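Topology and contacts: notes
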Amino acid sequence: MADLTSNFVGITSPNPFWLASAPPTDKEYNVRRAFEAGWGGVVWKTLGSEGPPVVNVNGPRYGVIHGADRRVLGLNNIELITDRDLYQNLDEIKRVKADYPDHAIVVSLMVPCEEEAWKAILPLVEETGADGIELNFGCPHGMAERGMGSAVGQVPEYIEMVTRWCKQYYSKPVIVKLTPNITDIRKPAAAAMRGGADAVSLINTINSIVSVDLDAMAPEPTIDGKGTHGGYCGPAVKPIAMNMVAEIARTPETSNLPISGIGGITTWRDAAEYMALGCGNVQVCTAAMTYGFKIVQEMKSGLSQWMDEKGYASIDAFKGMAVPNVTDWQYLNLNYVTKASINQDDCISCGRCFAACEDTSHQAIIMSEDRVFTVNDAECVACNLCVEVCPVEDCITMVEQAPGTVDERTQKVVVKEHGDWTTHPNNPSAVAAE
Amino acid sequence: MGNSVSTTGIVSGRKDKQALAESFKDLHAPLSDHEALVASDRCYFCHDAPCVTACPTSIDIPLFIRQIATGTPEASAKTIFEQNILGGMCARVCPTETLCEQVCVREVAEGKPVEIGRLQRYATDRLMAAGTHPFERAAPTGKTVGIVGAGPAGLACAHKLAVLGYDVTIYEARRKGGGLNEFGIAAYKSVDDFAQKELEWLLSVGGITIEYGKTVGEDISLVSLREDFDAVFFGMGLAGVNALSCEGEELDSVINAVDFISDIRQAADLSQLAVGRHVVVIGGGMTAVDVAVQSKLLGAQDVALVYRRDKDSMSASLFEQDLATSKGVRIIYNAQPVRVLSEGPALSVEFAYTETNGGKLTKTGETFRLDADQVFKAIGQSLTGAPEALTLQGGKIKVDENGRTNVPKVWAGGDCATGGDDLTVTAVAEGRDAAIDIHTTLLG
Ligand SMILES: Cc1cc2nc3c(=O)[nH]c(=O)nc-3n(C[C@H](O)[C@H](O)[C@H](O)COP(=O)(O)OP(=O)(O)OC[C@H]3O[C@@H](n4cnc5c(N)ncnc54)[C@H](O)[C@@H]3O)c2cc1C
Ligand SMILES: Cc1cc2nc3c(=O)[nH]c(=O)nc-3n(C[C@H](O)[C@H](O)[C@H](O)COP(=O)(O)O)c2cc1C
Ligand code: SF4
Ligand code: SF4
Ligand code: SF4
């Protein structure tokens, strides 16, 4: 049996599945039940400074992009950080941690960008016995307007400065949660590292308008006729988040920075993909908000079955294994030639490949009178569109052309040697091959 | 009161009203909004879709389904009605299992087609419930067309012509329009007086007058029709019934299935309609299945449907056959009636077993008898009352691919004409296409 126990920057937990800082981790009641349900850790819903708590809207705060059968594909929210009293939260954290010493509790924090504010809150958090803190530099709405959250996360210098204060006034691991609402994720990650962060976690939510009410002519969720951008999360954001994770993992400067992966993780496979891209653990919010705490059972059983099948004894055994294979376009092998191939036994003659290739790709699929679909190798550029639009999985596959054979499209012999853009004759700045 | 399924003879009230209402409810419940979204999502939006090819009216199925999926059922309905103005009825009565759904790529792939029929009903119901009509009439052409029969063929022809700017008069022998939609289709396929509602909605386009109780051949002649109108269309269906040609056919309780079905459709109160305890149905088409099933639903204790050939040769689809057996009808294949014997008020039908040798049906020599209070004949309808001037072929009005008969200015379509499958949807297609040809001929 694969060992799922996790040690993330010194914080141990029975498994690598943590609940992200959000409504699922807002209070003692939830967190206790989450642990009982099998979650390895939680990042407590973000705490703010002492004083009157923030207030949330009293109208709807979520909007959703639905897929077939109302499957939740993307969730948008305009909720703020915790709206409960600071001391009540701290008391609860302390109690739960005492009862669950083996589970991870990390406290998410967002206070103004002033040293005094951090100096005030950090000892209180230290007091609770929690395992670490996560700096919420990501929340894109409400708090950002007050100079916190993503307003800080968008300025690398601030990140570095605040991280440094935290390392100075707090003894345990400091995780910096990054906002995706920037152009180059490597900059804030490097800043966090310079400030002494033990890890980064990403992504927080993406600025979004999830839908527009065409009767009210206002963004949704609509509060008394008006709406505001919210933060987008759930399955729809996973590709964006994974790219950001990979960017950090493959950049030499930040390649050793531990990463906690967040964004759309819904199944064990999502988690495994994040880990393959270098994440030491993962955090989940939308999936729990959609299906409840129980889904972690599938995540654990699935990951463990897959690890057994692959012979990975621990998460470290495969963590980051895909990182060396993430490269720049210019290094992709242009001598690697494939052709689409349709398995006639599986084909149900829907004609979607034909419509796609004929109308929008390379006119490489031939449709016969009696609806038999075949690929014309002389036109196929191997774009993969037909593979993706075919409703039957694996009915169309990309078949590699053996070196030595002729690519009917280019009339060139396929060569075995790697040849990429850096050495390509069409590249004005190509370096001579060999 | 007091009658039950086991009361001897032919009696009414075998079931109470509530039980009857339950038995005769919608065969397929309408889809809810959510169900429609889920069902529509299963469509692959095929290129040159096989389902469209299989639809006799060539409805753009992938398009109308996509319009449902995007939350515009009214636009979807318009896509349907553009090709098939009786899309609402067709959604209920088409044997989709042998038409669009049979060739749906998902039927071929996984034995579970996209529910095209139910989706079509969802869209058309939505638009019709809104009480609006999606088409406007073109500027008047000043020309007029006379139509014989207000069944699906006649109505489809009339509607298309009205939209094209013609003034149309329909002569209908009966007191009510709709043809077999009103008098023939099984009650559980068209509940809540749908045929009349659809008729009214169709006529709301304007320009169509129906003269009820006017029989062409009796009240009006072909000659006068040709004089009065610029073109004439015959959509008179098959008003006659084929004979069994066996001894005892004339006995009182040997009944034409279509007449009994019509009684069911017109009954104000089904608990007043008498049905036998033992019922025997002879035939193998939709009419046979419909009369068998509805007799059973009315409360007959046992119903046997006897067909002279094997299961695969039966013109009622496998779905229809399964429907019959699921309602408790016993289907006996390979047997044909020899004679009907009267035993007091009751009957007994003698059948001979048959087999097919080299395409020829022969009796095996073995016989059996079935007791019956009522025997329904459902071995096909035939053309009656067609004007003599029209050339017939195989018992139907001979038409070319444009629906033209041998007589100039006269078109025909639907059950009464050659070609087609004797289905509502083919009648609609033929009526519509004849209208287009009339238009091309008169103004093209
Ligand atoms: C019992 C039964 C069940 C059926 N079930 C189905 C089904 O489930 N699905 C399906 O697709 N099809 C079914 N059909 C077939 C379908 O009903 C017909 O194919 C369709 O109605 C044919 O339309 P039509 O307009 O050609 O003829 P009809 O519907 O027969 O209409 C002809 C009209 O012309 C009128 N008429 C006749 N003679 C004259 C005259 N001389 N002068 C004036 N008017 C005249 C008639 O009164 C009638 O109103 C069924 C048929 C029967 C009998
Ligand atoms: C309603 C809601 C409230 C959130 N509140 C916080 C928060 O207080 N602090 C924080 O760091 N992230 C917050 N997030 C972001 C999540 O922790 C997480 O980063 C994001 O939802 C992406 O993960 P997911 O795709 O699994 O949902 C919130 C998300 C949601 C949906
Ligand atoms: S891979 Fe692209 S070019 Fe080749 S057949 Fe498929 S869609 Fe056409
Ligand atoms: S998309 Fe797939 S199933 Fe459809 S015709 Fe093409 S190969 Fe066949
Ligand atoms: S064949 Fe089936 S899947 Fe394809 S367009 Fe028609 S209904 Fe949709």
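For clarity, every value in this text was computed on a predicted model and none was experimentally measured.

What about the overall build of chain B?
A count of helical and extended segments in chain B gives 17 helices and 19 strands. Radius of gyration (C-alpha) of chain B: 22 Å, near the 22 Å computed for a compact globule of 444 residues. With respect to the three principal axes, the spread of C-alpha positions in chain B is 65 × 55 × 50 Å. Across the 444 residues of chain B, 53% fall into the buried class. Restricting the contact set of chain B to residue pairs at least 6 apart, pairs at least 24 apart contribute 70%. Surface summary for chain B: the accessible area is close to 18600 Å², and the carbon and sulfur share equals 48%.

Regarding the overall build of chain A
Assigned secondary structure in chain A consists of twelve helices and 22 strands. Along the three orthogonal principal directions, the C-alpha set of chain A runs to about 75 × 60 × 50 Å. A buried classification covers 50% of the 434 residues belonging to chain A. The contacts in chain A between residues at least 6 apart in sequence include a share of 70% that link residues at least 24 apart. As displayed, chain A offers around 20000 Å² of accessible surface, 51% of which is attributable to carbon and sulfur atoms. For chain A, the distance from the average position of its 34 positive side-chain charges to the average position of its 55 negative side-chain charges is 5 Å.

Structural notes on the site of ligand 3
Among the 14 residues in the neighbourhood of ligand 3, the closest are listed as Cys 357, Cys 380, Cys 383, Cys 386 and Met 398 of chain A. Broken down by class, the residue content of the shell around ligand 3 amounts to eleven nonpolar, three polar and no charged.

As for the domain arrangement of chain B
Residues and elements named next belong to chain B. As far as domains go, chain B holds domain 1 (10-25 + 241-380), domain 2 (33-129) and domain 3 (144-239 + 383-443). Between domain 1 and domain 3, the C-alpha centre-to-centre distance is 30 Å. At the junction of the two partners, domain 1 supplies 16 residues and domain 3 supplies 17 residues. In total, domain 1 and domain 3 occlude about 1200 Å² of area from one another, counting both sides; carbon and sulfur atoms represent 46% of this. Among the residues domain 1 hides against domain 3, the three largest losses belong to Arg 265, Gln 266 and Asp 290. Together they make up 46% of the total.

Here's the deal with helix H11 (residues 352-360) of chain A
Buried residues of H11 of chain A: Cys 353, Phe 354, Ala 356 and Cys 357 of chain A, and no others. If you follow the buried residues of H11 of chain A, they end up packed against strand S17 (338-342), strand S18 (365-367), strand S19 (373-375), helix H12 (385-389) and strand S20 (396-400) of chain A.

Side note on the site of ligand 4
In the neighbourhood of ligand 4, the contacting residues comprise Ile 342, Cys 347, Ile 348, Ser 349, Cys 350, Gly 351, Cys 353, Phe 373, Cys 390, Pro 391, Cys 395 and Ile 396 of chain A. Within the shell around ligand 4, the residues separate by chemical class into ten nonpolar, two polar and no charged.

A closer look at the sheet that holds strand S7 (residues 104-109) of chain A
Residue and element names in this part refer to chain A. The eight strands lie next to each other as S3-S4-S7-S8-S9-S10-S15-S16, forming a closed barrel whose pairing is parallel. Averaged over neighbouring strand pairs, the angle between their axes works out to 25° when direction is ignored. In this sheet, strand S8 (residues 132-136) lies alongside S7 in parallel orientation, the contact comprising four bridges. Directly across from Ser 108, in S8, lies its bridge partner Glu 134. Packing against the sheet, helix H1 (residues 28-37) makes contact with strand S3 (17-19), strand S4 (41-47) and S7, and its axis sits at approximately 165° to S4. Strand contacts of helix H2 (residues 86-99): S4 and S7, with the helix running at about 170° to S4, the strand carrying the most contacts.

As for a nonpolar patch on the surface
Residues and elements named next belong to chain A. A surface patch of nonpolar side chains, about 450 Å² in accessible area, is lined by Ile 209, Val 212, Leu 214 and Met 217. Relative to the helices and strands, Val 212 is located in strand S12 (residues 211-213). Taking the relative accessible area as the measure of exposure, Val 212 reaches 45% and is therefore partly exposed.

Structural notes on the interface of chain A and chain B
On the chain B side, the residues contacting the 13 residues of chain A number eleven residues. On the chain A side of the contact with chain B, Asp 69, Ile 348 and Arg 371 of chain A bury the most area, a combined 43% of that side's loss. Applying the counting rule to chain A against chain B returns one salt bridge. Viewed at the interface, chain B and chain A are joined by five residue pairs in polar contact (both at pLDDT 80 or more).

Concerning the pattern of salt bridges
Scanning all chains against the criterion turns up 40 salt bridges over all chains. The partner of Lys 189 of chain B in a salt bridge is Glu 320 of chain B, and the shortest N-O contact between them spans 3.1 Å. You can see Lys 189 of chain B sitting in the loop between helix H11 (180-183) and helix H12 (194-203) and its partner Glu 320 of chain B sitting in helix H16 (residues 318-326), a full 131 residues away along the chain. The burial state of Lys 189 of chain B is the same as that of Glu 320 of chain B; both residues are buried. Within the structure, one salt-bridge network assembled from shared partners comprises Glu 28, Arg 32, Arg 95 and Asp 99 of chain A.

Section: the pairing of strand S6 (residues 72-77) of chain A
All names here are of chain A. Counting buried positions over the six residues of S6 gives five, a clear majority of the element. Between strand S5 (residues 62-66) and S6, which pair antiparallel in sequence order, lie five residues; one of them, Asp 69, sits at a positive phi of approximately 55°. Looking at chain direction, S6 and strand S14 (residues 230-233) are connected through three bridges and run antiparallel. For Asn 77, the partnering residue across the bridge sits in S14 and is Gly 231.

Quick look at the sheet that holds S5 of chain A
Residue and element names in this part refer to chain A. Spatial ordering of the open sheet is given by S5-S6-S14-S11, a layout of four strands whose pairing is antiparallel. The open sheet terminates on both sides in strands that have one partner only, identified here as S5 and strand S11 (206-208). Neighbour to neighbour, the strand axes of the sheet diverge by 35° on average, direction disregarded. Pairing of S5 with S6 involves five bridges; the strand directions are antiparallel. In the strand pairing of S6, Ile 65 is matched with Gly 74.

Observations concerning the nonpolar core
The tendency in soluble globular proteins is for nonpolar side chains to be buried as a group. Residue and element names in this part refer to chain A. Ranked by size, the top nonpolar core spans 82 residues in total, and within it Trp 39, Ile 133, Leu 202 and Leu 303 carry the most contacts. Considering every element that reaches this core, the biggest residue donor is helix H7 (residues 238-250), with seven residues. Apart from residues lying up to four places away in sequence, Trp 39 is in contact with Asn 15, Phe 17, Trp 18, Leu 19, Ala 34, His 103, Val 284, Ala 288, Phe 293, Ile 295, Val 296 and Met 299.

Points about the domain arrangement of chain A
Domains assigned within chain A are domain 1 (6-325) and domain 2 (329-423). Domain 1 of chain A and domain 2 of chain A are separated by 41 Å when their C-alpha centres are compared.

What counts and how
Residues numbered from 1 in each chain as written. Chains lettered and ligands numbered in written order. Predicted model: local features only at pLDDT ≥ 70, side-chain atom pairs only at ≥ 80, totals over all residues. Heavy atoms only, no water. Helix = DSSP H or I, 4+ residues; strand = E, 2+ residues; numbered from the N terminus. Rg over C-alpha atoms; globule rule 2.2 N^0.38 Å. Buried < 20%, exposed > 50% of the residue type's maximum accessible area, 1.4 Å probe, protein only. Contact = heavy atoms within 4.5 Å. Areas by Shrake-Rupley, 256 points an atom, 1.4 Å probe, with all protein chains shown as cover. Lys, Arg positive; Asp, Glu negative; His and termini not counted. Charge placed at Lys NZ, Arg CZ, Asp CG, Glu CD. Near = heavy atom within 4 Å. Nonpolar A, V, L, I, M, F, W, Y, C, P; charged D, E, K, R; others polar. Domains from an automatic or database assignment. Buried area = accessible area lost by both parts, 1.4 Å probe. Pairing = 2+ DSSP bridges. Axes fitted to C-alpha atoms, helices over the stretch in contact; angles between N-to-C directions. Patch = residues over 30% accessible without salt bridge, like charges linked within 9 Å, V, L, I, M, F, W, Y side chains within 5 Å. Salt bridge = Lys/Arg side-chain N within 4 Å of Asp/Glu carboxyl O. Polar contact = N/O pair within 3.5 Å; in protein donor to acceptor, adjacent residues only side chain to side chain. Core = buried A, V, L, I, M, F, W, Y, C linked by side-chain atoms within 4.5 Å.

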